[in-house]
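Observations on the model geometry
This is what each chain is made of:
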Amino acid sequence: MPAAPRVRFAPSPSGELHLGGARTALFNYLFAKKRGGKYFLRIEDTDVQRSKQEFVDQICYSLEWLGLKWDEPIVYQSKRRDHHHSAARQLLQAGGAYRCFCTVEELALERDEAAKEKKLYRYSGRCRDLTDDELKLRLNRADPFCVRITVPGGKTKFTDSVYGKIEVDHKEIDDFIIQRTDGSSTYNFTVVVDDMDMEINWIIRGEDHLANTPKQIIVYKALGSKPPRFAHLPMILGPNGQRLSKRHGATGIQAYRDMGFLPEALLNYLALLGWSPGNNREVFFFKELTEKFSLNKVVKKGGVFDEKKLNWICGQHMSDKSSQDLLNTMRELDPDWHSDQDESYLLNVIEMVQSRTKSLSELNEFSGYFFTDPQSFDEKAVKKRWKDTSVTELMNRYWMSLHELTKWEPTVLEEHLRTLAETENVSAGKFIHPMRIAISGQGVGPSLFDLMALLGRERVLRRMNYAIDNLPPS
Ligand code: GLU
């Protein structure tokens, strides 16, 4: 039996959590949960210049909102400096790393020479073989130094779960720096030390880190440890095939929350960016995603952000939810949301509108006329359906006949309207369309008769009155 996964999501808090990061977190989460493993959050905040507390807060808040809560307390990389230092010391002692005293000027010279010879620059390894005396002298003089890892000859080979077999000749890798002159440690080193200490056995992250992986495997081996398994996720591309831009989905996750998207809908959409369950199904509840997820079905091709599809999936989730669930979620965002209304009326309203919405904001927006009488009317609809006063006259007669109706139910209302249309020798549409405008202000919406029944006679007649007095516009 393979060991239960221990995975981590390791964002750098130099910006908000975007779709790409959220998808990485999601795949880690799903992978761990499906196999009874653990999912950690590590904040990689060692870059003091770029890391900001507000981004840490935003990342954590967005992950929680999405439901991707980590299993154990957050690990802050900045609090692990001692561990990074002691690992570097351990390497220095064991000969797996060395102090490099080359100055910026010396390195620039090396770089210039490589450029002249049109060769890719690699550090020459000049300080690898300093004698003990030289070393002592320099240390006594307190010459500044960085620490470089000794990259052995040979090759690094590994199999990435998504990208397959990868092989890199060490001739292509120079003795890279693991600890800078100012004592800070570099990414390729800290990430390995932390992953080793956290006993991470699977690393699932963005494809932009694929090129770092051979260096990290070299560090694992230098520290005497077996590297974990790797799975790199394809980039999410904009519709133009380029990296995601602000205009195309590169907004922070919080923006989706503010727009009233349901978190499970967003997760559903993210899951499909790079992963496919192998059939044409596209709408999944979160629980199903966990059951079905597998790294084997992650494809190499970059997922393309498609706003239309996102909206469609969000719409499906809005339709599938029970009205009670939607009411509860609405109330989580705004505890006072129509709190003066009867709950059963609210549930009926939600049921009537939900299938036409893709977000809670739309639910709020599209249900406005259930609570407030329309004072203005959709101009386009009026132009088309309430052209002149002949419509006003028809609506006047409809208004009078509605007064006499004994029952106020959808079927009765429908039959009554159709009979009236026959008597007037016009199509039912001549009543249906203006009536919708009159009672909702809109040109489209739920079934008219259901709408009339729910609004109730008094409200309907009042709204008709107002429309009759104000339409068509003069
Ligand atoms: N901190 C890195 C980033 O935000 C990720 C490191 C990793 O997953 O190995 O890109």
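Note that the structure is predicted; figures quoted are calculated from it, not measured.

Strand order in the open sheet formed by 3 strands is 1-2-3, and the pairing between neighbours is parallel. Bordering the open sheet on either side are strand 1 (6-9) and strand 3 (75-76), each of which pairs with just one other strand. With 2 bridges connecting them, strand 2 (residues 38-43) and strand 3 associate as parallel partners. Each bridged residue has a counterpart across the sheet, and for isoleucine 43 the counterpart in strand 3 is tyrosine 76.

Right, let's talk about the site of the ligand for a bit. Close to the ligand lie Arg8, Ala10, Pro11, Ser12, Glu44, Tyr187, Val191, Arg205 and His209, which account for all nearby residues. The separation between a nitrogen atom of the ligand and a polar side-chain atom of serine 12 is 2.9 Å. Protein contacts shield 81% of the accessible area of the ligand, which totals 300 Å² for the unbound molecule.

Before going further, it helps to spend a moment on the packing of helix 17 (residues 410-424) against helix 19 (residues 448-455). Relative orientation and spacing of two packed helices are given, respectively, by the angle between their axes and the distance between those axes. Helix 19 packs onto helix 17 with a crossing angle of 120 degrees between their chain directions and a minimal axis gap of 8 Å. Accordingly, the angle class assigned to the pair helix 17 and helix 19 is oblique. Taken as a pair, helix 17 and helix 19 cross one another with a handedness that is right-handed. Each of Pro410, Leu413, Glu414, Leu417 and Arg418 in helix 17 lies in contact with helix 19, whose residues at this interface are Leu448, Phe449, Asp450, Met452 and Ala453. Here the residues of the contact of helix 17 with helix 19 are counted per class, giving 7 nonpolar, no polar and 3 charged.

With antiparallel pairing, the 3 strands of this open sheet are ordered in space as 4-5-8. What marks the edges here is a single partner per strand, and that holds for strand 4 (97-100) and strand 8 (177-179). Across the sheet, the mean angle separating the axes of adjacent strands is 45 degrees when strand polarity is ignored.

Moving on: the environment of alanine 108. As for its position among the elements, alanine 108 is in helix 4 (residues 104-116). The exposure class of alanine 108 is partly exposed, given its relative accessible area of 31%. Sequence separation between alanine 108 and lysine 38 is 70 residues, and the spatial gap between their C-alpha atoms is 45 Å.

With that settled, consider the nonpolar core. Core analysis: the biggest nonpolar cluster contains 133 residues, and Phe370 and Met452 have the highest contact counts within it. The element best represented in this core is helix 1 (residues 19-34), accounting for 9 residues. Tyr98, Cys102, Leu107 and Cys127 belong to the second largest nonpolar core, which has 9 residues in total.

Within this structure, the stated rule accounts for 25 salt bridges. For arginine 42, the salt bridge identified is with aspartate 194, shortest N-O distance 3.8 Å. Pair noted here: arginine 42 is in strand 2 and aspartate 194 is in helix 6 (residues 187-197), with a separation of 152 residues, a long-range link. Grouping residues by exposure puts arginine 42 and aspartate 194 together as buried. Among the ionic pairs, lysine 321 bridges to glutamate 264, the shortest N-O distance being 2.8 Å.

Parameters at a glance
Residues numbered from 1 in each chain as written. Predicted model: local features only at pLDDT ≥ 70, side-chain atom pairs only at ≥ 80, totals over all residues. Heavy atoms only, no water. Pairing = 2+ DSSP bridges. Helix = DSSP H or I, 4+ residues; strand = E, 2+ residues; numbered from the N terminus. Near = heavy atom within 4 Å. Polar contact = N/O pair within 3.5 Å; in protein donor to acceptor, adjacent residues only side chain to side chain. Areas by Shrake-Rupley, 256 points an atom, 1.4 Å probe, with all protein chains shown as cover. Axes fitted to C-alpha atoms, helices over the stretch in contact; angles between N-to-C directions. Parallel < 35°, antiparallel > 145°, perpendicular 65-115°, else oblique. Left-handed = near helix turned anticlockwise from the far one by under 90°. Contact = heavy atoms within 4.5 Å. Nonpolar A, V, L, I, M, F, W, Y, C, P; charged D, E, K, R; others polar. Buried < 20%, exposed > 50% of the residue type's maximum accessible area, 1.4 Å probe, protein only. Core = buried A, V, L, I, M, F, W, Y, C linked by side-chain atoms within 4.5 Å. Salt bridge = Lys/Arg side-chain N within 4 Å of Asp/Glu carboxyl O.

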